[in-house]
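For reference, the chains in residue letters:
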Amino acid sequence: MRALILDARNARASLAAARALAAGGWTVGIGAPRPDGLAAASRRVSAFHLVPRPEDGPEAFAAALRDAVRAGGYEVVFASSDVDLLALSAARDTIGATVPYPEDAVLRRAMDKLQLTRAAERAGLRVPRTSDDPADLPAMPVVVKERIHGDLAAGGSALTTGTEIVGDPHAARARLAALEAAGGAGFVQELVHGRLVALTVLCDRGQRLVARVQQEALRIWPAEAGTSARARTMAIDEELWAGVERLLGELEWFGLAQLQFLAPPGQAPRLIDLNARFYGSLALAVAAGVNLPALWARLATGRPVPDRVDAPAGVRYQWLEGDLRRMRERRGTRSLGADALACLRWSIGARHSIWALDDPRPFARAAATLVRERLP
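Conventions and cut-offs
Residues numbered from 1 in each chain as written. Predicted model: local features only at pLDDT ≥ 70, side-chain atom pairs only at ≥ 80, totals over all residues. Heavy atoms only, no water. Helix = DSSP H or I, 4+ residues; strand = E, 2+ residues; numbered from the N terminus. Expected span 1.5 Å × (residues − 1). Buried < 20%, exposed > 50% of the residue type's maximum accessible area, 1.4 Å probe, protein only. Salt bridge = Lys/Arg side-chain N within 4 Å of Asp/Glu carboxyl O. Core = buried A, V, L, I, M, F, W, Y, C linked by side-chain atoms within 4.5 Å. Contact = heavy atoms within 4.5 Å. Pairing = 2+ DSSP bridges. Axes fitted to C-alpha atoms, helices over the stretch in contact; angles between N-to-C directions. Phe/Tyr/Trp six-rings, centres within 6.5 Å; stacked < 30°, edge-to-face > 60°. Lys NZ or Arg CZ within 6 Å of the ring centre and 35° of its normal. Parallel < 35°, antiparallel > 145°, perpendicular 65-115°, else oblique. Left-handed = near helix turned anticlockwise from the far one by under 90°. Nonpolar A, V, L, I, M, F, W, Y, C, P; charged D, E, K, R; others polar. Right-handed = clockwise from strand over helix to strand, strands pointing away. Polar contact = N/O pair within 3.5 Å; in protein donor to acceptor, adjacent residues only side chain to side chain.

Colleague: If you had to explain helix α1 (residues 12-23) to someone new, which residues and values would you point to?
Modeller: With 12 residues, α1 ought to run about 16 Å at 1.5 Å a step, and its terminal C-alpha atoms sit 17 Å apart, in line with that. Counting buried residues along α1, 10 of its 12 residues qualify, which places the element largely inside the surrounding structure. Buried within α1 we find R12, A13, S14, L15, A16, A17, A18, R19, A20 and L21.

Colleague: Lay out the pattern of salt bridges in plain terms, naming residues and giving numbers.
Modeller: Under the defined criterion, the tally for this structure stands at 26 salt bridges. In this structure, D359 engages R19 in a salt bridge whose closest nitrogen and oxygen atoms are separated by 2.8 Å. Residue D359 is found in the loop between β16 (351-352) and α12 (361-373), and its partner R19 is found in helix α1; the two are separated by 340 residues along the sequence. Residue D359 shares its accessibility class with R19, and that shared class is buried. When the shortest N-O distance is used, the salt bridge between R208 and D204 registers 3.0 Å. Using a relative accessible area of 16% as the deciding quantity, one classes D204 as buried.

Colleague: Account for the nonpolar core, with residues named and values stated.
Modeller: By size, the foremost hydrophobic cluster in this structure holds 99 residues, and its most contacted members are L247, W253 and L292. Top element by residues in this core is helix α9 (residues 292-300). It accounts for 7 residues. In this view, W253 contacts P102, V106, L107, A110, C203, D204, Q207, L248, L274 and A276; residues no more than four positions away in its chain are not counted. One finds V142, V166, L176 and L179 within the second-largest nonpolar core, a separate group that totals 8 residues.

Colleague: Summarise the sheet that holds strand β1 (residues 2-6); cite the residues concerned and give the values.
Modeller: The strand order across the open sheet built from 4 strands is β3-β2-β1-β4, with neighbouring strands paired in parallel fashion. Single-partner strands in this sheet number two, and they are β3 (45-50) and β4 (76-79). Across the sheet, the mean angle separating the axes of adjacent strands is 25 degrees when strand polarity is ignored. The pairing of strand β2 (residues 27-32) with β3 spans 5 bridges and is parallel. In the sheet register, V28 faces β3, and the bridge partner there is V45. Strands β1 and β4 of the sheet are contacted by helix α3 (residues 82-90), whose axis makes an angle of about 145 degrees with β4.

Colleague: Hey, could you go over helix α4 (residues 104-111) for me, with residue numbers and the actual values?
Modeller: Considered for burial, the residues of α4 that qualify are V106, L107, R108, A110 and M111. In this fold, the buried residues of α4 make contact with α3, α5 (113-122), α7 (238-251) and β13 (270-275).

Colleague: If you had to explain the packing of aromatic side chains to someone new, which residues and values would you point to?
Modeller: Across all of its chains, the model carries 6 aromatic pairs by this definition. An aromatic cluster of three or more residues is present, and its members are F78, Y101, F278 and W296. Over the aromatic face of W319 sits the side chain of R12, whose NZ or CZ is 3.9 Å from the ring centroid. Over the face of the ring belonging to F254 we find R205, whose NZ or CZ atom lies 3.8 Å from the ring centre.

Colleague: Now, about the packing of α3 against α4: what can you tell me, with residues and values included?
Modeller: Two quantities define a packed helix pair, namely the angle between the axes and the distance from one axis to the other. Their axes nearest at 10 Å, the elements α3 and α4 cross at an angle of 160 degrees. With respect to α4, the axis of α3 lies roughly antiparallel. Considering only the axes of α3 and α4, their crossing is left-handed. In this structure, α3 contributes D82, L85, L86, S89 and A90 to the contact, and α4 contributes D104, L107, R108 and M111. Along the lines of polarity and charge, the residues of the contact of α3 with α4 split into 5 nonpolar, 1 polar and 3 charged.

Colleague: Could you give an account of the pairing of β1, naming the residues involved and the relevant values?
Modeller: Along β1, 4 of the 5 residues are buried, which leaves the element largely enclosed by surrounding structure. As paired elements, β1 and β2 share 5 bridges and run parallel to each other. From the neighbouring strand, L6 faces β2, where its bridge partner is G31. Taken together, β1, α1 and β2 form a β-α-β motif whose crossover is right-handed. One ladder, built from 4 bridges, connects β1 with β4; its direction is parallel. Residue pairing for β4: L6 is matched across the bridge by A79.

Colleague: Please set out the environment of Q215 residue by residue, giving values where relevant.
Modeller: Within the secondary structure, Q215 sits in strand β10 (residues 209-221). Considered as a pair, Q215 and S353 are 138 residues apart in the sequence and their alpha carbons are 15 Å apart. At a separation of 2.9 Å, a polar atom in the side chain of Q215 contacts the side chain of S281.

Colleague: Could you give me a rundown of unusual backbone geometry, with the residues and numbers involved?
Modeller: At the junction of M140 and P141, the peptide bond is cis and its omega measures out at 5 degrees in the coordinates. Considering the arrangement of structural elements, one finds P141 in the loop between β5 (130-131) and β6 (142-146). The omega torsion of the bond from W221 to P222 falls at -10 degrees, within 30 degrees of zero and hence cis. With respect to the secondary-structure elements, P222 resides in the loop between β10 and β11 (227-233). A positive phi angle, close to 65 degrees, is found at Q207, a residue other than glycine. Structurally, Q207 can be placed in the loop between β9 (195-203) and β10. A positive phi angle is found at E252, which is not glycine, with a value near 55 degrees. Looking at where E252 falls in the secondary structure, it is placed in the loop between α7 and β12 (255-263). The class of E252 is exposed, set by a relative accessible area of 51%.

Next comes the structure, spelled out in structure tokens:
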């Protein structure tokens, strides 16, 4: 059983996935432009393959990927970034290994945040008010989002644009125009404040649920629109999951989907995004006993998987670098010593994004990078 992970962006998710796949009995290789990434440093990785970024040329990317698959004898190929995922999907018929995602048209429709929002509404899920015209939304500020990130085939950019909060219609229109000038397309949503909640599902080709994980972020970084620096698993919200199941059925989904919600106090959560790839806090699901990468690889290659697995509540996670950066960001609001002590307390007993006692080299590599950057 052999799996390859494309890691052109040096993602923490690639490291978590490599460790999880190895724990599930898979031999793991990494394909990336450079061998100095976090995942490539892991003792769980058996081989490194030089694979250029898709933006360096789709033909060179696909050719190197084919060579890697052939050299490593890989059965299945995963990606940890939207850019790599879309390029992998486009090349799926040529690489000689299983690409464990829904068909290309389904994948692109789900990754288009505007189309996803419309499909979620039809499935009965709550979403932020959304439009492609800032004048349609009754209040400012609003969030400007790119519809689909990293779609190089459609003229998009590989540079991460993220979401941007703007305070007036003129600024929103300027941001939309900038996205269009860069080859992309954008839209606007109302700004929703609330807890970041994620529901992650693995489903087979008939949309049968194989695994479910629900989590909430207790601290995110960057503060306005970041990812989980601290998180914990929650009990499954069956009402919310019913809507998710309807959405995945409409999308004709296969494989992993991490759906992100914002939950305002006392209100129903609103869907804001879907990740179809390995994601930053993946290590939390694995710590909770749901080895999503290994289950996904087995599912994609036709191997048997157990009946549905649900993650229990109360398992904790920390992205230490993000937690430290958020701590320093908030220096003016509370004692730095108190924040550092709280960070240490949370760290004890939590599953970490990078640190692992039995696999220390990725943490050493990350720490060296932070020292060079002099953590701002």
